[in-house]
Amino acid sequence: MTPYEIGIVYNQLLERRVLYSFSVPGRNRSQAEKEAVALLERNRDYVDELEGFLETQGLRLVSHEAAALSIADAGRVYIAVREPVRDVPAHIGGAAVLREWSDSRRNESAADSALWAGLLLMTMLKLLYTDGGRPIESVSGFADAEFDDSQFVDTLVEAIEKQRGVRVTGDPLVARAHALFTGSAEAQVEARAKGFVRSMLRGGVLEERATGMGSVVYGQTLWSAVDIAENFKRYAGALIPRPIANDIVVLVSADEISSDDEMIQEN
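Attention here is on the structure that accompanies the text. In this text the structure is predicted, and so the values were computed from the model without any measurement.

### Notes on the packing of helix α5 (residues 110–128) against helix α8 (residues 186–202)
Any two packed helices are characterised by how steeply their axes cross, that is the angle between the axes, and by the distance between the axes. Their axes nearest at 11 Å, the elements α5 and α8 cross at an angle of 70°. Regarding the angle of α5 to α8, the classification is roughly perpendicular. Judged by the sense of rotation from one axis to the other, the crossing of α5 with α8 is right-handed. Residues Trp116, Leu120, Leu121 and Met124 of α5 touch α8, and the partners they reach there are Val189, Arg192, Ala193, Phe196 and Met200. When grouped by side-chain class, the residues that make up the contact of α5 with α8 number eight nonpolar, no polar and one charged.

See below:
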């Protein structure tokens, strides 16, 4: 591919995150996206230059057959995900994101913000994966993975309530996390949970879906499903200090975490 062609594909991957080779109801395919997909289709066996450039940007190109994802009978989707050897994804790492998830009124430290981020992230994964018996690698499940504000808040509050009255001994970091979570009022937890969901919407991890009953639920995006399938190790390890990982991942089923827990240890 020429530098010009690489630029077209790269710009569209950044803008759209997922490029479709077919029409999707309710989604507009711009001429630029169609051109980018045509270049990818035409150069499917000759993308070394594109992949080399994407690597310099911390990205990797992933492609799936639409039929395998149950989103169309034919065609392909092309997704840009973060390269695993690079830094953590922008929507779960970085000072700006942690500040967004922190409680500025309480002058919260970056360490406490990271602990909350880990708990909030695992709560979201529980609702998107565990509650539906869905393996992390099951990308196609994104279409049915949904929850609303009440489910997210209730799941988070219930997990914290279960820890109240539990005596924690041993590692001081575990004790700190326990005190941080259980010492928060329910109204504070609810505000933090809703702020997290809004952040995931802005980051393209979640999308709003109408229920047909005048209400809105949050569904997982295809980009998020592919990115998590490819990089779950980095999601789990980036925000959760190893000494408290097992305490936080109690929100996720044992069967699902058993293999991925070994991934966390590698970090």
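### Describing the sheet that holds strand β5 (residues 206–210)
The three strands lie next to each other as β4-β6-β5, forming an open sheet whose pairing is antiparallel. The outermost strands of the open sheet, each flanked by one partner alone, are β4 (146–147) and β5. For β5 and strand β6 (residues 216–220), the ladder comprises five bridges, and the chain directions are antiparallel. Residue pairing across strands places Glu208 opposite Tyr218, the latter belonging to β6.

### Comments concerning the environment of Leu127
Topologically, Leu127 is positioned in helix α5. Leu127 sits in the buried class, given a relative accessible area of 9%. Separated by 25 residues in sequence, Leu127 and Phe152 place their C-alpha atoms 7.6 Å apart. In contact with Leu127, not counting residues within four places along its chain, are Phe147, Gln151, Phe152 and Thr155.

### Digging into the sheet that holds strand β3 (residues 76–82)
A sheet is described by the order of its strands in space; here three strands give the open sequence β1-β3-β2, paired in antiparallel fashion. Across the chains shown, the open sheet's two edge strands, defined by having one partner strand only, are β1 (18–20) and β2 (59–65). Averaged over all pairs of adjacent strands, the angle between their axes in this sheet comes to 20°, without regard to strand direction. Pairing of β1 with β3 involves three bridges; the strand directions are antiparallel. Residue pairing for β3: Leu19 is matched across the bridge by Tyr78. Contacts from helix α1 (residues 3–16) reach β1, β2 and β3, with the element oriented near 110° to β1.

### A closer look at the pattern of salt bridges
Counted by the stated rule, this structure contains 12 salt bridges. Ionic pairing is found between Lys126 and Asp131, a salt bridge with its closest N-O pair at 2.5 Å. Given the relative accessible area of 46%, Asp131 is considered partly exposed. Members of the salt-bridge network, linked through shared partners, are Arg16, Arg27 and Glu33.

What counts as what
- Residues numbered from 1 in each chain as written.
- Predicted model: local features only at pLDDT ≥ 70, side-chain atom pairs only at ≥ 80, totals over all residues.
- Heavy atoms only, no water.
- Axes fitted to C-alpha atoms, helices over the stretch in contact; angles between N-to-C directions.
- Helix = DSSP H or I, 4+ residues; strand = E, 2+ residues; numbered from the N terminus.
- Parallel < 35°, antiparallel > 145°, perpendicular 65-115°, else oblique.
- Left-handed = near helix turned anticlockwise from the far one by under 90°.
- Contact = heavy atoms within 4.5 Å.
- Nonpolar A, V, L, I, M, F, W, Y, C, P; charged D, E, K, R; others polar.
- Pairing = 2+ DSSP bridges.
- Buried < 20%, exposed > 50% of the residue type's maximum accessible area, 1.4 Å probe, protein only.
- Salt bridge = Lys/Arg side-chain N within 4 Å of Asp/Glu carboxyl O.

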